[in-house]
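So you can see what is in the structure, the chains are spelled out below.
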Amino acid sequence: IFVVDYDPAGWIIRDSVVNDLKFYGMKNIQAIDIVSPSILTPEELKLAKFPIPKTHETLNKNWLKKSGGINGELYGFESDSIPFDRLRQKIIDVATPLVGNPENIRRYNAVSDLRESFNYLIQVKLGLEPTP
C-alpha cells in the first residue's frame, strides 16, 4: 500500500520500492495506490493541484497516459494535501481485507503482551530465571 505524491516522482518512488522487493525475491507483489484525485473533493483538488514541470517529456507523457493526470491534464498533487482522517480511513478500508481488522490486530497484540507478562510473573513466582 503506497502513499506517495500523485505525480511522476511519486510513482518513481513506488516503482523503485516494488523493484527492490522483486530484486530481494518477493513474489506476488501488488502495488496499491492510496493517493488519487478521487480522494479529494473537487474544491480541494483545485487548491492542491500543481502543473507537472515539463522537464522530462517522455516520463510525463507515460505518467499522464497511465494515471490520467487530473481531468486529463498534466497536473499532480502532494499526498499531504489529503486530510489526515480521510487518508487514515482510506488506508484502513484498503488494508482490512488484506491484513484483517485493525481492532482485531490491536486486541491480538494486547493479549500477546498480557500472555508474556503472565509467563514472566509465573517464572518469577516459581523462582525460575525469567526469560525475556
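Caption draft 1: Region of interest: the packing of aromatic side chains. This structure, assessed with the given rule, holds five aromatic pairs. Ring centres of W11 and W63 lie 6.0 Å apart, and the angle between their planes is 75°; on these two criteria the pair is classed as edge-to-face. Of this pair, W11 sits in helix α1 (residues 8-23) while W63 sits in helix α3 (residues 57-67), and the two are 52 residues apart along the sequence. Using a relative accessible area of 3% as the deciding quantity, one classes W63 as buried. Taken together, the ring pairs connect Y6, W11, W63 and F77 into an aromatic cluster. Here the guanidinium or amino end of R14 rests over the ring plane of W11, the centre of that ring lying 4.5 Å away. One cation-aromatic arrangement involves K49 over Y75; the distance from NZ or CZ to the ring centre is 4.4 Å.

Caption draft 2: Local environment of the packing of α1 against α3. Contact geometry for α1 and α3: axes closest at 10 Å, N-to-C directions at 80°. Relative to α3, the element α1 is oriented roughly perpendicular. Residues P8, W11 and I12 of α1 lie in contact with α3, whose contacting residues are L59, N60, W63, K66 and S67. Counted by class, the contact of α1 with α3 contains five nonpolar, two polar and one charged residues.

Caption draft 3: Structural detail: α3. Turning to α3, its buried residues number three or more, namely N60, W63 and S67. The buried residues of α3 occupy one face: seen down the axis, they fall within an arc of 65°. When the buried face of α3 is taken as reference, the exposed residues oriented beyond 90 degrees from it are E57, T58, K61, K65 and K66. Contact partners of the buried residues in α3: α1 and β2 (75-76). At the exit of α3 stands G68, carrying a positive phi of roughly 85°.

Caption draft 4: Region of the structure containing a nonpolar patch on the surface. Taken together, the side chains of L114, F118, L121, I122, L126 and L128 present a nonpolar region at the surface, about 600 Å² in accessible area. Here L126 lies in the segment after α5 (102-125).

Caption draft 5: Just the nonpolar core, in detail. Y6, I39, L40, W63, F77 and I82 are the most contacted members of the largest nonpolar core, which totals 16 residues. Here Y6 is in contact with W11, V35, S36, P37, W63, S67, G68, G69, I70, Y75, G76 and F77, once residues within four sequence places are set aside.

Conventions adopted
Residues numbered from 1 in each chain as written. Predicted model: local features only at pLDDT ≥ 70, side-chain atom pairs only at ≥ 80, totals over all residues. Heavy atoms only, no water. Phe/Tyr/Trp six-rings, centres within 6.5 Å; stacked < 30°, edge-to-face > 60°. Helix = DSSP H or I, 4+ residues; strand = E, 2+ residues; numbered from the N terminus. Buried < 20%, exposed > 50% of the residue type's maximum accessible area, 1.4 Å probe, protein only. Lys NZ or Arg CZ within 6 Å of the ring centre and 35° of its normal. Axes fitted to C-alpha atoms, helices over the stretch in contact; angles between N-to-C directions. Parallel < 35°, antiparallel > 145°, perpendicular 65-115°, else oblique. Contact = heavy atoms within 4.5 Å. Nonpolar A, V, L, I, M, F, W, Y, C, P; charged D, E, K, R; others polar. Arc of directions from axis to C-beta. Patch = residues over 30% accessible without salt bridge, like charges linked within 9 Å, V, L, I, M, F, W, Y side chains within 5 Å. Areas by Shrake-Rupley, 256 points an atom, 1.4 Å probe, with all protein chains shown as cover. Salt bridge = Lys/Arg side-chain N within 4 Å of Asp/Glu carboxyl O. Core = buried A, V, L, I, M, F, W, Y, C linked by side-chain atoms within 4.5 Å.

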